[in-house]
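Results of the structural survey
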Amino acid sequence: PAADPDVEALPRGGFRCRLCQVTAANRPSLAEHLRGKKHRRLRNLRAERRAQERRSLFVSGFARGTSGAELAEYFGAFGDVAAVVMDKEKGAYAIVELRDAAGRERALAEPQHGLAGRRLRVRPREEKVFAYGPPGRSPRREPLGPGRLEQALCQALDVDAQMSQLVGLLELSEDERRVRHLLVALFQEVFTEFFPGCAVVPFGSSVNGFDTRGCDLDLLLDLEPTKTLQASTRDVPGAGSGSGAEDSILSDIDLAATPAPEVLELVAAVLRRCVPGVRRVRAVPAARRPVVKFCHKQSGLAGDISVDNRLALLNTRFLRLCAEADERVRPLVYAVRLWAKQQGLAGNPSGGGPLLNNYALTLLVLFFLQTRSPPVLPTVARLRDLAGDEDRATVGGWDCSFPRDVASLEPSANTESPCECRARVRGAGGGGVPGSRRCPHRWLPQA
């Protein structure tokens, strides 16, 4: 059973079924789960969904007001149509499911499609990672106020256990991570229609290892592959047919020659008109890092999309490397951030302001751990030495060379516990935080 692709071995023993989001303590328990009704039902459901995807088409370019019946009649020429699912909110695309894969292949083999004088863009439906969400559960969690936080932490055996538990209380839940993953997949599917070859890549607090509930969803829309595809189409006579660049909705726009503010407005227009559930879209070209801001109605998530931000992507990978390098890093970062907020040193309510933000506090903690004797984390200079040829990168004059694989790092010789590290951060010898409540371990900061 442990060899099953749905099964993940946990670092501290036991197993986790990725498909069902269930943890098993040992091999017999795992085998029992894999034989159970829930696991078999979800495997059958996943197989059914994949079969549907492999006989479905992603169709766009039709006139607004086009009905599902009209699309079904048109694609019925290639095979029996099982279903047509329209984008009900904005009417920008439809999923056409045929009864067999052969019908889909006949439709894809057709060089051009047209309906009511409009050229249709017809592509295979993207195969998505199957994500199970138990019915009736919301990805949103109830706010964790100071009282609930104190009550939960006071149950821990010692301060080290409190710090470890704090991470679980403040980080994103599995449901919240799944919602973000599905949103990224949705954005990727829509943007590929307009910018063939593009990549939508999450960065920042959602994926750097130091996430917190409610954090923004930061996305990079990488258009370099689209620009390369456009250039190759122009340079090679007749290369446009079937390349994807000529078939895109924005095929007449040369992205390489388009000013950055106009590209941002294009991205904003796609979000407004074609991505279901997106609200309050606003391009901010004059910001220090130009972005398009948005909010997703169903999940309540706020987010930013940037176009040229490779440095932030590498920065995210660096933070992720530090988070995975030593098990003390995340508990210490979360503890210091909570302490700083309770002491009035961090937490600007409107974003900008004079107080420290989570990113600044995280960097301060990482620097502290790099300068311990012996260090808990390798210094930037040591990381540069450990980087292989494939890891070397320079962006905007900044040397961003560091190993991408945490296995490349040497284990730390530092034996301090998370609690001892926290005490060193404060420059004290293990006492409680000033103003702390009378908790069994004198750690909880005053609310």
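Residues numbered from 1 in each chain as written. Predicted model: local features only at pLDDT ≥ 70, side-chain atom pairs only at ≥ 80, totals over all residues. Heavy atoms only, no water.

1. As for the overall build of the protein
Looking only at helices and strands, the protein features 14 helices and 15 strands. Across the 447 residues of the protein, 44% fall into the buried class. Taking the intrachain contacts of the protein between residues at least 6 apart in sequence as the baseline, contacts between residues at least 24 apart amount to 61%. (Helix = DSSP H or I, 4+ residues; strand = E, 2+ residues; numbered from the N terminus. Buried < 20%, exposed > 50% of the residue type's maximum accessible area, 1.4 Å probe, protein only. Contact = heavy atoms within 4.5 Å.)

2. Points about the sheet that holds strand S11 (residues 278-284)
The strands making up a sheet associate through hydrogen bonds between their backbones, and the pairing can be parallel or antiparallel. Taken in spatial order, the five strands make up an open sheet running S9-S10-S13-S12-S11, and their pairing is mixed. Both edges of this open sheet fall to strand S9 (199-203) and S11, since each of them pairs with a single strand only. When the angles between neighbouring strand axes are averaged without regard to direction, this sheet yields 25 degrees. Sheet analysis places S11 next to strand S12 (residues 291-296), joined by five bridges and oriented antiparallel. Counted as the bridge partner of Arg282 is Lys293 from S12. Each of S9, strand S10 (217-222), S11, S12 and strand S13 (302-306) is contacted by helix H7 (residues 174-194), which is oriented at about 155 degrees to S9, the strand it contacts most. The strands touched by helix H9 (residues 260-274) within the sheet are S10, S11, S12 and S13, with S11 carrying the most contacts at an inclination of about 175 degrees. (Pairing = 2+ DSSP bridges. Axes fitted to C-alpha atoms, helices over the stretch in contact; angles between N-to-C directions.)

3. Considering the sheet that holds strand S7 (residues 113-115)
One open sheet holds the five strands; their spatial order is S5-S6-S4-S8-S7, and the pairing between them is antiparallel. Of all strands in the sheet, those with a lone pairing partner are strand S5 (81-86) and S7, marking the two edges. Between one strand axis and the next, the sheet turns by 30 degrees as a mean value, whatever way the strands run.

4. Some details on the environment of Cys421
Position of Cys421 among the secondary structure elements: in helix H14 (residues 418-425). Note on Cys421: relative accessible area 1%, which makes it buried. As for Cys421 and Val329, which are separated by 92 residues in sequence, their C-alpha atoms are 9.6 Å apart.

5. Examining the confidence of the model for the protein
Put simply, the protein has an average pLDDT of 83, and 83% of its residues get 70 or more. Counting interchain partners and residues more than four positions distant, the pLDDT-below-50 stretch residues 135-140 has 10 contacts. (pLDDT = per-residue confidence, 0-100.)

6. Focus: the side chain of Ser401
Position of Ser401 among the secondary structure elements: in the loop between strand S15 (398-399) and H14. Within polar-contact distance, the side chain of Ser401 engages the backbone nitrogen of Ala393 at 3.3 Å. At 2.7 Å, the side chain of Ser401 and the side chain of Asp399 are in polar contact. In this view, Ser401 contacts Leu383, Arg384, Ala387, Asp391, Arg392 and Ala393; residues no more than four positions away in its chain are not counted. (Polar contact = N/O pair within 3.5 Å; in protein donor to acceptor, adjacent residues only side chain to side chain.)

7. Notes on the packing of aromatic side chains
Following the criterion strictly, the structure yields seven aromatic pairs and no others. Each ring, one from Phe187 and one from Phe191, has its centre 6.3 Å from the other, and the planes form 70 degrees; the classification is edge-to-face. Of this pair, Phe187 and Phe191 are both found in helix H7, four residues apart, which corresponds to roughly one turn of the helix. Using a relative accessible area of 0% as the deciding quantity, one classes Phe187 as buried. For the pair Phe191 and Phe195, a centre-to-centre distance of 6.3 Å together with 25 degrees between the ring planes defines the contact as stacked. Across the pair, Phe195 and Phe191 agree in class, each one buried. The ring of Tyr334 carries Arg337 above its face, with NZ or CZ at 5.0 Å from the centroid. A cation over a ring is seen here: Arg404 above Phe402, with NZ or CZ 4.3 Å from the ring centre. (Phe/Tyr/Trp six-rings, centres within 6.5 Å; stacked < 30°, edge-to-face > 60°. Lys NZ or Arg CZ within 6 Å of the ring centre and 35° of its normal.)

8. Some words on the nonpolar core
Ranked by internal contacts, the top residues of the largest apolar core, which has 36 residues, are Phe187, Phe191, Phe195, Leu221, Leu271 and Ile305. Looking at this core, the elements with two or more residues in it are strand S6 (93-98), H7, S10, H9, S11 and S12. Among the nonpolar cores identified, the runner-up in size contains 33 residues, and Met163, Leu338, Leu369 and Leu383 belong to it. (Core = buried A, V, L, I, M, F, W, Y, C linked by side-chain atoms within 4.5 Å.)

9. Let's talk about helix H3 (residues 68-75)
Because an α-helix completes one turn every 3.6 residues, residues spaced three or four positions apart along the sequence face the same direction. Within H3 the residues assigned to the buried category are Leu71, Tyr74 and Phe75. Each buried residue of H3 sits inside an arc of 85 degrees when the element is viewed along its axis, so together they form one side. Residues of H3 that are exposed and point more than 90 degrees away from the buried face comprise Ala69 and Glu73. Summarising the contacts, the buried residues of H3 are in contact with strand S4 (56-60), S5, S6, helix H4 (101-109), S7 and strand S8 (118-124). (Arc of directions from axis to C-beta.)

10. A few points about unusual backbone geometry
Each neighbour pair has its own omega, and for Ser373 with Pro374 the value is -5 degrees, a cis peptide bond. The residue Pro374 is located in the loop between helix H12 (358-370) and helix H13 (380-386) in this model. Notably, Ala116 is not glycine yet its phi reads approximately 55 degrees, a positive angle. The residue Ala116 is located in the loop between S7 and S8 in this model. On the basis of relative accessible area, Ala116 is assigned to the exposed category, the value being 74%. If you check the backbone angles, Arg280 has positive phi at about 50 degrees while not being a glycine. Its place among the elements puts Arg280 in strand S11. Given a relative accessible area of 66%, Arg280 falls into the exposed group.

11. Brief notes about the pattern of salt bridges
All told, the structure shown has 19 salt bridges when counted by the stated rule. A salt bridge links Arg55 to Glu97; the nearest nitrogen and oxygen atoms lie 2.9 Å apart. With Arg55 in the loop between helix H2 (37-54) and S4 and Glu97 in strand S6, this residue pair connects regions lying 42 residues apart in the sequence. Across the pair Arg177 and Asp211 runs a salt bridge, and its minimum N-O distance is 3.1 Å. (Salt bridge = Lys/Arg side-chain N within 4 Å of Asp/Glu carboxyl O.)

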